[in-house]
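Survey of secondary and tertiary structure
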Amino acid sequence: MIDALMIKCGSRVKDALKQLEATERKTLFVVDGEKHLVGTLTDGDIRRWILAEGSLDGTVEKICNTNPCVAYGGYDLEQIKGEMLGKKIGSIPVINASREVVDVLFWEKVFGESVVRKEARPLELPVVIMAGGKGTRLDPFTRILPKPLLPLGEKTVIEVIIDSFVGCGIRKFYISINYKSKIIKSYFEELNPSYAIEYIHEDEPLGTAGSLTYMRGKINSSLIVTNCDVIIKADYRDIVDHHLSSRNDITLVASLKNYNIPYGICEIENGGKLSRIREKPEYNFLVNTGMYLLRPEALELIPENEFFHITHLIEKLQGAGGRIGVYPISDKSWLDTGEWVEYKNALKQLNSILT
């Protein structure tokens, strides 16, 4: 288990991101060739590196914390608890006199599973789910069922999305509906969930932002807006904290996508002269997932009863000098169920997404 959490100096940031996904822990321990601790590397470190336009081909020792909290043999457990509580640390490495990592103290090992982590506070933001589209990319199934009610395991897609927010303490949801709206309402009426749902009726399709004018005057906090076909497995509290601390008008949740070209790429110049051949290059992109956080003031820029996408709102805010931020997540933290290939992939990954 400890070896799976170690990563050697010289390893690329993109490799660290994959390793973090595989271990499902938030921290890796950067070690030299003799397995001496050099520093710790968290998903937050990687996110800040990406936002600072750092290359994913950069090496882990450049961005790791070289002065982490550590414990030695014979450590004082109460002191360790104080460090974890005070600094909100999920794990602390135990090292010997040579700085070799010999053990790891995880939160659940120190406090026990029954102790809730300090930062696990309930979120009190409203969530708006855009569920009014026809789902034409999932035809012919969406001729019968609205896209939000397609099954994903033993639940519907929209239930899986809502449950991920309920787990963070969110109890209020707004669902924007148009296509097959009666079926959606009847489903939730029969379900009789413990959380509250209020519907935003679109007489005509209004895009991904047009119906948000309904929220004016109803909220005085930021709100979360998400498409009804995206499942995000991420720390929502951290996303909200990032949005608020950055003072963004809109924060866009973006997934890191890596594409490998299995061919030599020809680069040319001067009307056809070969400059060089790049063998099997890799490209990395931040892709819009369809989840956003908005300050309530941003709603004032949305026109009434007009077809209006969130991308239009972003452009309008940028033109007015507003601040648009990005919160990057890993590829495996995002599932798009809006097309058949992605929907089938979501079915395969259901267990890992829900656990």
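Before reading on, note that the structure itself is shown above.
Predicted, not measured: the structure shown is a model, and the values here were computed from it. (Residues numbered from 1 in each chain as written. Predicted model: local features only at pLDDT ≥ 70, side-chain atom pairs only at ≥ 80, totals over all residues. Heavy atoms only, no water.)

Considering the sheet that holds strand E7 (residues 127–130)
With respect to topology, seven strands assemble into an open sheet ordered E11-E10-E7-E12-E17-E14-E18, the strand pairing being mixed. In this open sheet, the two strands that pair with only one neighbour each are strand E11 (196–201) and strand E18 (324–329). Going from strand to strand, the sheet's axes swing by 30 degrees on average, the running direction of each strand aside. When strand E14 (residues 250–260) meets strand E17 (residues 282–294), the two strands line up antiparallel, connected through eleven bridges. Counterpart to Tyr259 in the pairing with E17 is Tyr283. Helix H2 (residues 43–51) contacts E17 and E18 of the sheet and is inclined by roughly 135 degrees relative to E18. The strands touched by helix H8 (residues 310–319) are strand E12 (223–227), E14, E17 and E18; relative to E14, the strand with the most contacts, the crossing angle is about 115 degrees. (Pairing = 2+ DSSP bridges. Helix = DSSP H or I, 4+ residues; strand = E, 2+ residues; numbered from the N terminus. Axes fitted to C-alpha atoms, helices over the stretch in contact; angles between N-to-C directions. Contact = heavy atoms within 4.5 Å.)

Looking at the pairing of strand E3 (residues 37–42)
Inspection of the sheet shows strand E2 (residues 27–31) paired to E3 by five bridges, in the antiparallel sense. Within the sheet, the bridge partner assigned to Thr27 lies in E3 and is Thr42. In sequence, E2 turns back onto E3 through a hairpin of five residues, with Lys35 there showing a positive phi of about 65 degrees.

Observations concerning the sheet that holds strand E6 (residues 101–106)
Spatial ordering of the open sheet is given by E4-E5-E6, a layout of three strands whose pairing is mixed. Of all the strands in the sheet, the pair left with one neighbour each is strand E4 (71–72) and E6. Bridge analysis of strand E5 (residues 91–95) against E6 gives five bridges, and the strand direction is antiparallel. Bridge assignment links Pro93 to a residue of E6, and that residue is Val104.

Points about helix H3 (residues 77–87)
Put simply, Asp76 is the residue that caps the front of H3, since its side-chain oxygen is 2.9 Å from the backbone nitrogen of Glu78. Lys88 occupies a position one or two residues after H3 and carries a positive phi of about 55 degrees. (Polar contact = N/O pair within 3.5 Å; in protein donor to acceptor, adjacent residues only side chain to side chain.)

Quick word on the side chain of Ser11
Looking at the secondary structure, you find Ser11 in the loop between strand E1 (6–8) and helix H1 (13–23). In terms of polar contacts, Ser11 uses its side chain to reach the backbone carbonyl oxygen of Lys8, at 2.8 Å. Not counting residues within four places of it along the chain, the set of residues in contact with Ser11 comprises Gly58, Thr59 and Val60.

These values are about where atoms sit, not about what they do.
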